[in-house]
Amino acid sequence: MGRVGNPARSHARRTGTVAVAAAAAALCLTAPAEARPAAADDPSYSATTSVGVHNAYEKAKYPYFADALDSGASLLELDVWTNAFGAGWRVSHGNPLGNDNNCENAAGPDELRTKPRDQSLTGCLADMRAWHQAHPGHRPIFIKVEMKDGFYGKSGRGPGDLDTLLGATLGDALLRPADVVGGHANLDEAVRADGWPSRSALAGKFVVELIPGTVEENNPLDSLWTDREYATHLRDLSAAGKLGQAAAFPAVHGAASGDPRTRYTDATLRPWFVVFDGDASTYVTSGVDTAWYDDRHYLLIMTDAHNVAPAIDGTSPTEDQARTRVSELAARHASFATADWYPLPSVLSTVVPRG
């Protein structure tokens, strides 16, 4: 797939009024790409703060994954299992052997909300594609994939296999690392020089993030976590002139001071991380210079937004409380603030200037 167009990647921070920001956000969220008027201020993807839903595949939150896609949220999370004790790529929170989710493997828009749920990752991706076909100019949607127990390449569930699956199902609706890298040497060089595509250029796109999972991170026998494995995959594909095959962006997981990529002893992996993901309270209270991420156009996901002091309800705060928290984390340079605020669609669709 060719590079996503971005003729006006501006590094200037947005300084418009709240009303202008709200109007721009509404355009990005609702207008089809072909109908969207040219805007004097078309922010980069990294210049805004929006809202995400933790574990959006759970049926208690949304009866169908299509409902999660309809919610207006800019980030939706999936948990994926790959171990040898079950078949395929399973999507569930606590069951490593089977699927427990709201995905239905829809073949097209007409099948959404009509089929049995508890499908594999393939089924979730099929629902995304069917929903995309029904909403071709939709807001850019960031799909956070927690690899609960990491990759399992021996069973055909390695980084390259995931690329193939994502490409086969999402096709041209997928933003790939190569689309961002362009003529640069790596992701870090590209986003620091040119930034991310604008929000309007990403209309109708999905962006897939990979983080190590809780089981993987607590497994003393696992010495190759998702973040390092996929970054190695990106580096090696690039060296072979095959970066266009890659379909996801690995994230540095866990809030930390300084440049958290220094944890990777192989320095050649560090330039392939431009997405960072960790606990909001840690970012806010532990002396982390979050402007460092914003200044370099890196994406910063702040999780458990409700727990930042003073804590608010993790599921059903008032709209004012949730909006205030999003604004607070935007000022702290978050790209996404995530929680379980699924009952508040008007908050989920919020997009505000970052910083």
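An account of the accompanying structure is given in this report. Keep in mind it's a predicted model, so treat the numbers as computed, not measured.

The next thing to look at is the overall build of the chain. Of regular secondary structure, the chain possesses twelve helices and ten strands. In the chain, buried positions account for 55% of the 355 residues. Roughly 13,400 Å² of accessible area belongs to the chain as shown, and the carbon and sulfur atoms make up 53% of that amount.

Here the focus is the environment of Asp 289. Turning to its location among the elements, Asp 289 is positioned in the loop between α9 (280-285) and α10 (291-295). Residue class for Asp 289 comes out partly exposed when judged on its relative accessible area of 49%. Residues Asp 289 and Ala 256 lie 33 residues apart in sequence; the distance between their C-alpha atoms is 9.3 Å.

With that settled, the discussion passes to the environment of His 253. Turning to its location among the elements, His 253 is positioned in strand β6 (residues 249-253). A relative accessible area of 23% means that His 253 is categorised as partly exposed. Remark: the alpha-carbon pair of His 253 and Gly 213, spanning 40 residues in sequence, is separated by 9.4 Å. Apart from the residues within four sequence positions on either side, His 253 is in contact with Ile 211, Pro 212, Glu 217, Arg 263 and Asp 277.

Moving on to the nonpolar core. Soluble, globular proteins show a tendency: their nonpolar side chains are buried together. Membership of the largest hydrophobic core comes to 95 residues, with the highest contact counts inside it found for Leu 76, Trp 196 and Trp 341. Per-element tally for this core: the top contributor is helix α3 (residues 121-134), with six residues.

One pass over the structure, following the stated rule, counts one cavity of 30 Å³ or more. Volume-wise, the largest cavity comes out at about 50 Å³. Lining the largest cavity, in full, are Leu 78, Leu 121, Leu 125, Ile 143, Val 145, Leu 162, Leu 166, Val 208 and Leu 210.

The subject of this paragraph is the side chain of Asp 127. As for its position among the elements, Asp 127 is in helix α3. In this structure Asp 127 is buried but unpaired, with Lys 115 as the nearest side chain of opposite charge at 7.3 Å. Not counting residues within four places of it along the chain, the set of residues in contact with Asp 127 comprises Phe 65, Leu 69, Asn 102, Cys 103, Glu 104, Asn 105, Ala 106 and Leu 112.

With the rule as written, the count across this model stands at 14 aromatic pairs. Ring geometry for Phe 276 against Tyr 298: centres 5.3 Å apart, planes inclined by 40°, an arrangement best described as tilted. Remark: Tyr 298 occurs in the loop between α10 and β8 (299-303) and Phe 276 occurs in strand β7 (residues 275-279); sequence separation between them is 22 residues. Since its relative accessible area comes to 0%, Tyr 298 is described here as buried. Site record: aromatic cluster; members linked through ring pairs are Tyr 45, Phe 142, Trp 196, Phe 249 and Phe 336.

The next thing to look at is the state of the cysteines. One pass over the structure, following the stated rule, counts one disulfide. With its sulfur 2.0 Å from that of its partner, Cys 103 forms a disulfide with Cys 124. Disulfide Cys 103 to Cys 124: torsion about the S-S bond roughly 100°, handedness right-handed. A residue pair is termed long-range when its members are at least 10 positions apart, and Cys 103 in the loop between β3 (90-91) and α3 and Cys 124 in helix α3 qualify at 21 residues. For Cys 103, a relative accessible area of 0% translates into the label buried.

The rules behind each value
Along each chain, residues carry numbers from 1 onward, in the same order as the chain's sequence is written. The predicted nature of this model means local features are confined to residues of pLDDT at least 70 and side-chain atom pairs, given and counted, to a pLDDT of 80 or more, with totals for whole chains, interfaces and linings taken over all residues. Excluding hydrogens and water, the side-chain values take into account all heavy atoms of the structure. Under the scheme used here, helices are H or I runs from DSSP no shorter than 4 residues and strands are E runs no shorter than 2 residues, and both carry numbers assigned from the N terminus. Between buried and exposed lies partly exposed: a residue is buried under 20% and exposed over 50% of the maximum accessible area for its type, with that area taken using a 1.4 Å probe on protein chains only. Under the convention used here, a 1.4 Å probe and the Shrake-Rupley method define accessible areas, while residue burial counts only the protein chains that appear. The contact rule is simple, with two residues in contact once any of their heavy atoms fall within 4.5 Å. By nonpolar core is meant a set of buried Ala, Val, Leu, Ile, Met, Phe, Trp, Tyr and Cys residues that side-chain atoms within 4.5 Å join together. Site definitions follow a grid-based scheme: protein atoms alone, a 1 Å grid, a 1.4 Å probe that fits but cannot get out for cavities, and for pockets an open set with protein on both sides within 12 Å along at least five of seven lines, plus lining residues having an atom within 4 Å of a point. Grid points are joined across faces, edges and corners, and a volume is the space filled by probe spheres set on the points. Charge convention: Lys and Arg are scored as positive, Asp and Glu as negative, and His as well as the terminal groups of each chain are ignored. One side-chain nitrogen of Lys or Arg within 4 Å of one carboxyl oxygen of Asp or Glu is enough to make a salt bridge. Each Phe, Tyr or Trp ring, with Trp reduced to its six-membered ring, pairs with another whose centre is within 6.5 Å; inter-plane angles below 30 degrees give stacked pairs, above 60 give edge-to-face pairs, and intermediate values give tilted ones. Note on terminology: disulfide denotes any pair of cysteine sulfur atoms within 2.5 Å.

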